[in-house]
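For reference, the chains in residue letters:
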Amino acid sequence: MEGVRKKRSVVPLTLGALVVALVVLAVGCRPAAAPKPPPTPTPAPPVAAPAPERTLKIGGMWAMTGLLQGFGINSSAVARYALDRINAEGGVRLRDGSRAKLDLVLYDEGCPNVEQGIAAARKAAADPVLVVIGPTCSSTAEPVFGILQKRLDDPTDTGLQLLFFTDTAIKAGLASISPWAFRNVPSEIKMYEELFKWLKETTGYSTIAVGTEVDFAHSKSTSDVAIKPGATKAGFTIVADEGWKLADTDFSAQVSKMRAANPDVVALSSHPFTTCGFLKEASRQGFRPKVVILLTSSITEETVRGCARELEGAIGPTSFAPINKLAREVSLTVADRYRGFVDLHSAPVYENLMLLRRLIEEAGVEGRPDTVLQDRRRLRDALAQVKEFDGLLGKIRFRTDEPREVDKPWVVVEFSGGRFRPKYIPPEYRAAIVVD
Amino acid sequence: MWLDLLQQGISGVLVGSTYALIAIGFTMVWGVMRRLNLAYGATALGAAYVGLWFYRLAPDLSPAVLVLAAMASGAVIGLLVAMASFRWLPREYELAPLISTLGGLIIIEEVINLSTRGYPQSFPEVMSRVVFLGPFFFRLDHFAIFGICLLMVAGLYYLLFRTRLGLAIRAVSQQVVAAQLMGINPDRINTLTFLVTGVLAGTAGALAVMAIGTGSAALALTFTIRGLSAAVIGGLGSIPGAIVGGLTLGVIEAETLRIMGIGYRDVFTNLALLLILVFRPQGLLGTRVTH
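Residues numbered from 1 in each chain as written. Chains lettered and ligands numbered in written order. Predicted model: local features only at pLDDT ≥ 70, side-chain atom pairs only at ≥ 80, totals over all residues.

Peer 1: Teacher, can you tell me more about the overall build of chain A here?
Peer 2: Helix and strand counts for chain A come out as twelve helices and 16 strands. Here chain A, with 436 residues, has 51% of them falling under the buried criterion. Contacts in chain A between residues far apart in sequence, at least 24 positions, make up 72% of those at least 6 positions apart. (Helix = DSSP H or I, 4+ residues; strand = E, 2+ residues; numbered from the N terminus. Buried ≥ 20, exposed ≤ 12 C-beta atoms within 10 Å, placed from the backbone. Contact = placed C-beta atoms within 7 Å.)

Peer 1: Honestly, the overall build of chain B in this entry has me stumped. Any pointers?
Peer 2: Counting its secondary structure elements, chain B contains eleven helices and four strands. A compact globule built from 291 residues should have a C-alpha radius of gyration of about 19 Å, and chain B, at 19 Å, falls within 12% of that. For chain B, the spread of C-alpha atoms along the three principal axes comes to 60 × 50 × 35 Å. Per-residue burial over chain B gives 54% buried out of 291 residues. Within chain B, contacts between residues separated by at least 24 positions form 73% of all contacts whose residues are at least 6 apart in sequence. (Rg over C-alpha atoms; globule rule 2.2 N^0.38 Å.)

Peer 1: Please explain the environment of G246(B) as it appears in this structure.
Peer 2: All names here are of chain B. Note that G246 resides in helix α10 (residues 239-260). A count of 30 C-beta atoms within 10 Å places G246 in the buried class. It is 31 Å that separates the C-alpha atoms of G246 and L89, two residues lying 157 residues apart in sequence. Other than its neighbours up to four places away in sequence, G246 contacts G16, S17, Y19, A20, A23 and A230.

Peer 1: Before we go on, may I ask you to explain the pairing of strand β15 (residues 411-416) of chain A in this structure?
Peer 2: Both faces of the sheet carry side chains from a regular strand, because those side chains alternate between them. Residues and elements named next belong to chain A. Pairing geometry for strand β11 (residues 315-318) and β15, over four bridges, is antiparallel. Its bridge partner being in β15, P317 is matched across the sheet by V412. Inspection of the sheet shows β15 paired to strand β16 (residues 419-424) by five bridges, in the antiparallel sense. Within β16, the position partnered with V413 by the bridge is P422. (Pairing = 2+ DSSP bridges.)

Peer 1: Mind showing me how you'd approach the interface of chain A and chain B here?
Peer 2: One frequently used descriptor of interface size is the decrease in accessible area upon assembly of the parts. If you look at the interface, chain A gives 38 residues, while chain B gives 39 residues. Counting residues per element, the ones that place at least two in the side of chain A that touches chain B are α1 (2-28), α2 (69-88), β8 (237-244), α7 (252-261), α8 (272-284) and α9 (301-311) of chain A. Of the residues forming the side of chain A that touches chain B, the biggest block, seven residues, is contributed by α1(A). Among the residues making up the side of chain A that touches chain B, the classes are represented as 21 nonpolar, ten polar and seven charged. (Nonpolar A, V, L, I, M, F, W, Y, C, P; charged D, E, K, R; others polar.)

Peer 1: Would you explain the packing of helix α1 (residues 2-33) of chain B against α10(B) in this entry?
Peer 2: How two helices pack is summed up by the angle between their axes together with the distance between the axes. All names here are of chain B. Where α1 contacts α10, the axes come no closer than 5 Å and their chain directions differ by 140 degrees. Considering how the two elements wind past one another, α1 and α10 form a crossing that is right-handed. Tallied by class, residues from the contact of α1 with α10 come to 15 nonpolar, twelve polar and four charged. (Axes fitted to C-alpha atoms, helices over the stretch in contact; angles between N-to-C directions. Left-handed = near helix turned anticlockwise from the far one by under 90°.)

Peer 1: Is there a simple way to think about unusual backbone geometry in this case?
Peer 2: Generally, phi is negative for residues other than glycine and the peptide bonds are trans, each holding for most cases. Residues and elements named next belong to chain A. Look at the link from C111 to P112: it is a cis peptide, with omega at 10 degrees. Among the secondary structure elements, P112 is positioned in the loop between β3 (99-108) and α3 (114-126). With omega at 0 degrees, the peptide bond leading from G134 into P135 counts as cis. Along the chain, the position of P135 falls in the loop between β4 (129-133) and α4 (138-146). Phi is positive for N262, which is not a glycine, with a value near 50 degrees.

Peer 1: What exactly am I supposed to notice about the nonpolar core here?
Peer 2: Side chains of a nonpolar character, in soluble globular proteins, are inclined to be buried together. Counting 208 residues, the largest nonpolar core has A20(B), A44(B), L45(B) and A208(B) as the members making the most contacts within it. A domain split of this core shows at least three residues from each of domain 1 (54-186 + 323-404) and domain 2 (188-318 + 413-429) of chain A. (Core = buried A, V, L, I, M, F, W, Y, C linked by C-beta atoms within 7 Å. Domains from an automatic or database assignment.)

Peer 1: Help me understand the pairing of strand β9 (residues 265-269) of chain A, please; the structure alone is not making it clear to me.
Peer 2: All names here are of chain A. Among the five residues in β9, five count as buried, and that is most of the element. Of the two faces of β9, the one holding V265, A267 and S269 and the one holding V266 and L268 are both buried throughout. When strand β7 (residues 207-213) meets β9, the two strands line up parallel, connected through five bridges. Bridging from a neighbouring strand, I208 pairs with V265 of β9.

Peer 1: It is not clear to me how the sheet that holds strand β12 (residues 388-390) of chain A should be interpreted in this structure. Could you clarify?
Peer 2: Neighbouring strands of a sheet are bound in pairs by backbone hydrogen bonds; such pairs are parallel or else antiparallel. All names here are of chain A. Pairing in this open sheet of three strands is antiparallel, and the strands run β12-β13-β14 from one edge to the other. A strand with exactly one partner marks an edge of an open sheet, and here the two such strands are β12 and β14 (406-407). With two bridges connecting them, strand β13 (residues 395-398) and β14 associate as antiparallel partners. Across the sheet, R397 pairs through a bridge with D407, a residue of β14.

Peer 1: Teacher, can you tell me more about the domain arrangement of chain A here?
Peer 2: Residue and element names in this part refer to chain A. For chain A, the assigned domains read domain 1 (54-186 + 323-404) and domain 2 (188-318 + 413-429). The C-alpha centroid of domain 2 is placed 30 Å from the C-alpha centroid of domain 1. Opposite the 14 residues of domain 1 that make contact, domain 2 presents 17 residues. It is α4 that contributes the most residues to the side of domain 1 that touches domain 2, three residues altogether. Residues belonging to the side of domain 1 that touches domain 2 are distributed by class as follows: six nonpolar, five polar and three charged.

Peer 1: Please clarify how the packing of helix α5 (residues 140-162) of chain B against helix α6 (residues 164-174) of chain B should be interpreted in this entry.
Peer 2: Residues and elements named next belong to chain B. Running from N to C, α5 and α6 cross one another at 80 degrees; their axes reach a closest spacing of 5 Å. Viewed along their axes, α5 and α6 adopt a mutual orientation that is roughly perpendicular. Residues L159, L160, F161 and R162 of α5 lie in contact with α6, whose contacting residues are L165, G166, I169 and R170. Here the contact of α5 with α6 is built from residues that sort into five nonpolar, one polar and two charged. (Parallel < 35°, antiparallel > 145°, perpendicular 65-115°, else oblique.)

Peer 1: Please explain the sheet that holds β3(A) as it appears in this structure.
Peer 2: Residue and element names in this part refer to chain A. On the basis of which strands lie adjacent, the open sheet formed by six strands has the order β2-β3-β1-β4-β5-β6 and mixed pairing. The strands lining the two open edges of the sheet, one partner per strand, are β2 (92-93) and β6 (181-183). For strand β5 (residues 164-166) and β6, the ladder comprises three bridges, and the chain directions are parallel. Bridge pairing in β6 places F164 opposite A181.

Peer 1: What's the story with α7(A) in this structure? I'm lost.
Peer 2: Every buried residue belonging to α7(A) is among S252(A), A253(A), Q254(A), V255(A), S256(A) and M258(A), and all of these are buried. On the buried face of α7(A), the contacting elements are β7, β8, β9 and α8 of chain A together with α1 and α10 of chain B. A positive phi of about 50 degrees marks N262(A), the residue just after α7(A).

Peer 1: What should I look at first to understand the confidence of the model for chain B in this one?
Peer 2: Detail in the predicted coordinates should be disregarded across regions flagged by low pLDDT. Averaged over all residues, the pLDDT of chain B equals 88, while 99% of them reach at least 70. At the level of chain-chain contacts, confidence expressed as ipTM amounts to 0.84, with global pTM at 0.83. (pLDDT = per-residue confidence, 0-100.)

Peer 1: I keep staring at the confidence of the model for chain A and nothing clicks. Help me out?
Peer 2: Residue and element names in this part refer to chain A. With 88% of its residues at a pLDDT of 70 or more, chain A shows a mean pLDDT of 89. A low-confidence stretch, residues 1-10 stays under pLDDT 50, and its non-local contacts, those more than four residues away or across chains, total zero contacts. Confidence over residues 26-44 falls short of pLDDT 50; this stretch has 21 contacts with residues more than four positions distant or in other chains.

Peer 1: Hey, could you run me through the environment of G173(A) in this one?
Peer 2: All names here are of chain A. You can see G173 is positioned in the loop between β5 and β6. With 14 C-beta atoms packed within 10 Å, G173 lands in the partly exposed category. A C-alpha to C-alpha distance of 9.7 Å links G173 and R404, two positions 231 residues apart in sequence.

Below, the structure written as structure tokens:
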């Protein structure tokens with residue numbers, strides 16, 4: 001028995017050591033990265049201002065684990081860059097004239113695990129965070145916004161009083177759920193409507209097949225309210241309408257049916273993994289539509305890494321492209337120093353934080369532990385007064401027809417030669433978008 | 001319509017061969033140890049990723065490097081799972097290995113996520129060309145995988161029925177106490193079984209992900225559910241049953257998709273599984289347990 005007891009006491013230690021070794025080995029042994037472009041000098045950080053005396057907490061609620069963690073990793077990288085920049089420039093000035101630095105507090109929404117997102121929101125509400133940037137997923141944002149206060153100044157409304165300023169969750173209409181929810185996301189309805197109109201006018205194509213990831217809120221919603229209506233309005237005839245699921249691996253049936261329908265255009269309302277799966281199957285079956293249109297969420301580095309070859313020539317709308325000096329600077333610095341990528345989902349983090357820096361000072365945030373709720377309300381009210389603010393592509397305006405939603409400049413990009421390049425700028429944004 | 005259904009049936013059989021590859025490992029562990037290894041699908045995927053790492057070490061390496069590296073790493077991961085989830089757990093707690101292998105699945109999945117930062121990874125495709133014959137089309141790599149399945153079954157049969165190791169494995173699976181009395185160390189046999197199934201997992205994972213073309217951590221759960229379902233349909237413990245189960249599952253999925261659409265595919269697939277469990281619980285080729 002003594003020998004057995006001794007053996008069993010060694011077992012957990014050995015097991016733990018083996019597990020740790022496995023994790024270290026795996027995390028350290030990443031597949032070789034794609035070749036990096038030649039380094040471009042990133043601008044030197046500004047001369048440091050006097051060190052801030054206090055700290056304000058900014059929440060970041062993103063998918064940091066799970067299938068969609070790539071989006072969360074990018075958003076958190078941009079957040080760290082933006083906050084480092086703000087803090088290096090002296091932080092923010094508080095109501096009493098003292099200065100505070102901004103600290104990032106991360107909350108993992110665990111998308112698509114909705115319960116985890118709600119738990120994270122409740123935790124953030126109980127913590128002294130001033131505002132939360134996020135969440136990543138529309139399927140998280142919808143229920144999370146649902147537990148926020150619906151009626152300001154109503155003592156009977158026990159919803160959370162926590163300000164959200166969303167960067168990624170893009171499903172239409174979510175900000176209307178609560179006056180505490182603001183979103184800096186483009187309108188996919190408008191983007192796809194304009195894209196299809198431009199495509200029809202410039203090519204004369206007439207038929208379209210649509211592929212939809214049916215078990216994910218964003219892709220299903222975008223397909224139903226943006227892509228299909230936009231295509232139909234522009235005069236396209238939908239000749240095939242196929243579906244698949246987020247984790248599907250075989251697309252032979254869907255590609256085969258689309259191939260039989262012989263459409264001019266294929267629009268894919270799906271995220272990177274299944275977009276790549278579909279494109280690879282299409283390539284195998286020799287199915288080459290004249291144009292492939294991507295979902296906004298597939299215009300990302302993730303898709304490039306998954307299927308760069310099959311992506312060639314695909315187009316899609318995006319509210320971020322490195323087409324001016326600032327956009328390039330942010331994009332390169334985040335990639336070089338913060339190991340993330342800037343795309344239409346993560347770029348708003350920078351825009352949001354730069355705006356919030358100004359608003360924190362204008363609203364007179366006190367930044368004391370006993371003023372958290374008042375500070376959140378001050379900031380919310382200040383944000384509600386904003387008509388327009390600076391974005392990485394150009395000016396972003398809060399909409400008057402949909403409160404707390406924005407109208408932001410966007411472009412159509414095409415994947416060519418290993419990266420996404422601008423192909424078309426809608427006329428209404430040609431003056432607003434800065435290109436240099 | 002009939003042509004479509006026939007094409008779907010053909011595609012289903014071919015896709016089902018990847019399910020069969022995974023199912024063989026599930027069924028073999030059950031056959032020897034009467035335990036489910038829920039980490040098996042994740043082992044297959046993890047081994048495929050390790051294989052990919054080796055493959056990317058130098059340009060122009062053959063995809064065979066990926067498969068060989070996956071086989072070796074599958075053996076290592078399989079051994080770790082065997083130690084952590086079976087060998088060191090008290091035998092009297094029957095549910096402990098099941099829960100432990102579930103933990104193993106999650107750990108491997110998260111290690112893949114951490115090491116790739118959640119990004120899908122492009123895997124080399126081999127023989128993935130589609131061949132058109134009249135109104136039908138076939139993927140060559142799926143044919144190859146089907147052939148490899150048959151080879152694996154033949155290899156396993158040789159191992160189990162023509163070698164001393166196989167004799168010991170069968171002895172342990174039939175009556176472990178009697179086997180011990182004959183001088184067979186059941187712990188050693190179970191460990192060797194995991195080594196063998198680990199090699200199978202690496203092979204299955206590498207070939208399956210190369211056929212899919214893009215790897216993602218989410219495939220761990222996909223492999224587990226489909227592999228286990230195929231093994232149950234075919235008959236847990238029956239190696240030929242794993243192949244029949246995999247092909248059957250592939251056909252049910254493909255035909256349901258064609259007839260009912262994506263919304264009902266998984267409903268009817270699992271309904272079929274339920275019906276088999278109710279009316280033929282031993283599976284299509286399994287042996288009914290009598291008391």
